[in-house]
Amino acid sequence: MKKTSKLVIALVSFLLGLLWIFPFYLILTNSFKTPKGIFASVLSLPSPATGDNYVNSFKALDFLRSLGNSLIITVVGVVLIIVFSAMAAYALQRNHSKISGGILMLFVSAMLIPFQTVMIPLTANFGRVHMLNMWGLIFMYIGFQSSLSIFLYQGTIASIPVSMDESAELEGANRLQTFFKIIFPMLTPITTTVGILNIIALWNDYLLPSLVLPQNQYTIPLQMFFFFGQYTKQWHLALAGLALSILPVIIFYAFAQRYIIKGVTDGAVK
Amino acid sequence: MTEISLEHIYKRYPGNDSDSVIDFNLEIADGEFVVFVGPSGCGKSTTLRMIAGLEDITKGDLKMGGKLMNKVHPKDRNIAMVFQNYALYPQMSVFDNMAFGLKIRKMPKADIQKRVNDAAEILGLTEYLQRKPGALSGGQRQRVALGRAIVRDAQLFLLDEPLSNLDAKLRVQMRTEIAQLHQRLATNMIYVTHDQIEAMTMADRIVIMNKGRIQQVGTPDDLYNKPVNKFVAGFMGSPAMNFFDAHLHDGTVSNGKGLSVKVPEGRLKTLLDKGYNDKDLIVGIRPEDIHTEEVALEAMADAVVQADVEVSEFLGTDSMLYSKTGETEFVAQVNARDYHKPGEHVEMAFEMSKAHFFDKDSEAVISN
């Protein structure tokens, strides 16, 4: 009984795995085909295989620039989100006043407001102050993402005894030193979770950047639509571009795998 | 040299309609080991935190070395504190934990090194300096917390129930270590505990508190043998003192529930002088002042009760007899050789010359 159920689970997992990996198979194989090859057979392996798509796609997309844009927006954005929301959560959690409770409620309830309801007035207002660029975008991200981040942080901070702060205070540390030397390092697990959630959100975001960014600051997801015109779709180049765009994520994952799994599971049980 | 004085200190938390600490007055001499003891919620930790500066003082003056400290920032009070949960920084090594305060104060590196090493030496932590607190046992963590206080060379040590997270054996061991440490450093220490045994064993002086008020200040001997009221008498000592609501008539106290013993001449005179003849009062007698030996029964023939043992605990040198005479329950602590099984009928002598008498209404002592 036990053996058969294990077998069934293994089989289902295997099939699910196949299903998951299938799109990647499509992207990867077809990115090496000529346009003709793609239309001849989508599922078959590339013959003849050609790397030209990658070279052409790389050039056409101005890949390094869009990669740079994506990196700047994601790294600067996530770092600022982490720093600001951890500090805000610390202040809100440690300050037991009605006002801080109210502010926290405001942040939490802000999570319920759909992005689409604010996006038009937001971009209009940002346009008025000439901030429709990547710095304006980062600024918006800090606003949009800090609700969830503050919420996650304040739960963890609540579990850190106040005596930690008091001990540091008696030893002569000021508020900032207490936060950055004592509290923030203790938040590493949740920082990982917050970091990953935000990296995913910012790296993959399409809608907001499409409203805000000028063409020369396009991120990778925006740039991917370069090959999809109204009347033509250059699948061979688009797929090569997609494969390229996945690459940084895979490299990131390979390096950060240990922390991602830890961060995600930590977040799950806390 | 630091004398600390607390003058008419009050604490009221915002939103509360009563004071948590009421009219707290205390002078602490230089180098003294003072223990605040009392049940939870009695205000002892609050008082300690006011001395540390972690809580504002609502009313009254806190002075150290003659200087008013009410508004001085905690970091400028030259105080080191050991917390109940140790408050060690988990991401830092033992060395860094102990050095943190010194680094913040920008002490030269060589001095830090020396101070931490010296403290580690005293506390037997030298080989653990590079470990993180997570890799230490409870007792070692406790030592690190003490070490962090020692390196600071503070004028006052505050210890907030530092031993309550340790197991019983370790607690006894650390108790001695802290006492030795105090002798070695000769700094003022204020130690908060709810454990009267810790208070008795470590203190130069004990401050016993209840419901925000100081009940009594004195040496362990004072508090044990000359309690000023029923609360102190009942709190100090384990097992606790036996109390009986009784009536004094004709030189005898009786409670109408089976207990009736004669009060010895000298004690009786005090009671009569204070006008307690034919009045209700509370009689307190410690378990060790109830005897079962033949000699005692003969010597105190007019204070012997017929008791039935209900539960008996054998403790090696002593045994505790939870007994009943009529409807009156009490505990007797007798020599282990006088062990009696539950259900046995035993004659017991109350050594009334050592009894304590309290007023029924005010519960203040009439005669010790």
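Residues numbered from 1 in each chain as written. Chains lettered and ligands numbered in written order. Predicted model: local features only at pLDDT ≥ 70, side-chain atom pairs only at ≥ 80, totals over all residues.

**Looking at the sheet that holds strand β14 (residues 280-285) of chain B**
Residues and elements named next belong to chain B. Selection criterion: In this analysis, strands are considered paired if DSSP registers two or more bridges between them. For the purposes of this entry, the term helix denotes a DSSP run of H or I that reaches at least four residues, the term strand denotes a run of E that reaches at least two, and both are numbered from the N terminus. Axes here mean lines fitted to C-alpha atoms, for a helix over just the part in contact, with angles spanning 0 to 180 degrees between N-to-C directions.
Taken in spatial order, the six strands make up an open sheet running β13-β12-β11-β14-β20-β21, and their pairing is antiparallel. Bordering the open sheet on either side are β13 (260-262) and β21 (365-367), each of which pairs with just one other strand. When the angles between neighbouring strand axes are averaged without regard to direction, this sheet yields 40 degrees. Here strand β20 (residues 356-359) runs beside β21; their pairing, made up of two bridges, is antiparallel.

**Structural notes on the pairing of strand β3 (residues 33-37) of chain B**
For a regular strand, the rule is simple: side chains alternate between the two faces of the sheet. Residue and element names in this part refer to chain B. The condition that has to hold: Three exposure classes are used, all based on how many other C-beta atoms lie within 10 Å of a residue's own C-beta (placed from the backbone): buried at 20 or more, exposed at 12 or fewer, and partly exposed between those limits.
Counting buried positions along β3 yields five of five residues, so the element is predominantly enclosed. Every second residue of β3 is oriented toward a common face, with F33, V35 and V37 on one face and V34 and F36 on the other, all of them buried. Here β3 pairs with strand β8 (residues 188-193) via five bridges, running parallel. Considered in β8, the bridge of F33 is made with M189.

**Focus: unusual backbone geometry**
All names here are of chain B. S238 connects to P239 through a cis peptide bond whose omega is -5 degrees. For P239, the location among the structural elements is in the loop between α8 (230-235) and β11 (242-249). Although it is not a glycine, K106 sits at a positive phi angle of roughly 60 degrees. According to the C-beta neighbour criterion, K106 is exposed, with 8 such atoms within 10 Å. The phi torsion at K211 lies on the positive side, around 50 degrees, for a residue other than glycine. Residue K211 is classed as partly exposed on the basis of its C-beta count, with 16 C-beta atoms lying within 10 Å.

**Quick notes on the domain arrangement of chain A**
Residue and element names in this part refer to chain A. The condition is simple: Note: domain ranges come from an automatic or database domain assignment. Amino acid classes used here: Ala, Val, Leu, Ile, Met, Phe, Trp, Tyr, Cys and Pro are nonpolar; Asp, Glu, Lys and Arg are charged; the rest, including Gly, are polar.
Split into domains, chain A comes out as domain 1 (1-50) and domain 2 (60-269). In this structure, domain 1 and domain 2 have C-alpha centres spaced 33 Å apart. Where the side of domain 1 that touches domain 2 is concerned, the elements lending two or more residues are α1 (2-31) and α2 (35-40). Top element by residues in the side of domain 1 that touches domain 2 is α1. It accounts for four residues. Here the side of domain 1 that touches domain 2 is built from residues that sort into four nonpolar, three polar and one charged.

**Thoughts on helix α4 (residues 138-151) of chain B**
The α-helix winds at 3.6 residues per turn, so residues separated by three or four positions along the chain end up facing the same way. Residue and element names in this part refer to chain B. Applicable threshold: Helix span, as expected, comes to 1.5 Å for every residue beyond the first. Each residue is represented by a C-beta atom placed from its backbone, and any two residues with such atoms within 7 Å are regarded as in contact.
For α4, which comprises 14 residues, the first-to-last C-alpha distance of 20 Å matches the rise-based estimate of 20 Å (1.5 Å per residue) to within 8%. Across the 14 residues of α4, eleven count as buried, placing the element largely inside the fold. When we look at burial in α4, the residues that qualify are R141, Q142, R143, V144, A145, L146, G147, R148, A149, I150 and V151. Those residues of α4 that are buried are in contact with β6 (79-82), α2 (94-104), α3 (109-123), β7 (156-160) and α5 (168-185). Residue D153 follows α4 closely and has a positive phi angle near 55 degrees.

**Some thoughts on the interface of chain A and chain B**
Where interface size is given, it is often the accessible area lost as the parts come together that is meant. Contact residues are listed per partner, giving 14 residues for chain A and 16 residues for chain B. Secondary structure elements with two or more residues in the side of chain A that touches chain B: α8 (162-170) and α9 (175-186) of chain A. No other element matches α8(A), which puts six residues into the side of chain A that touches chain B. Broken down by class, the residue content of the side of chain A that touches chain B amounts to seven nonpolar, four polar and three charged.

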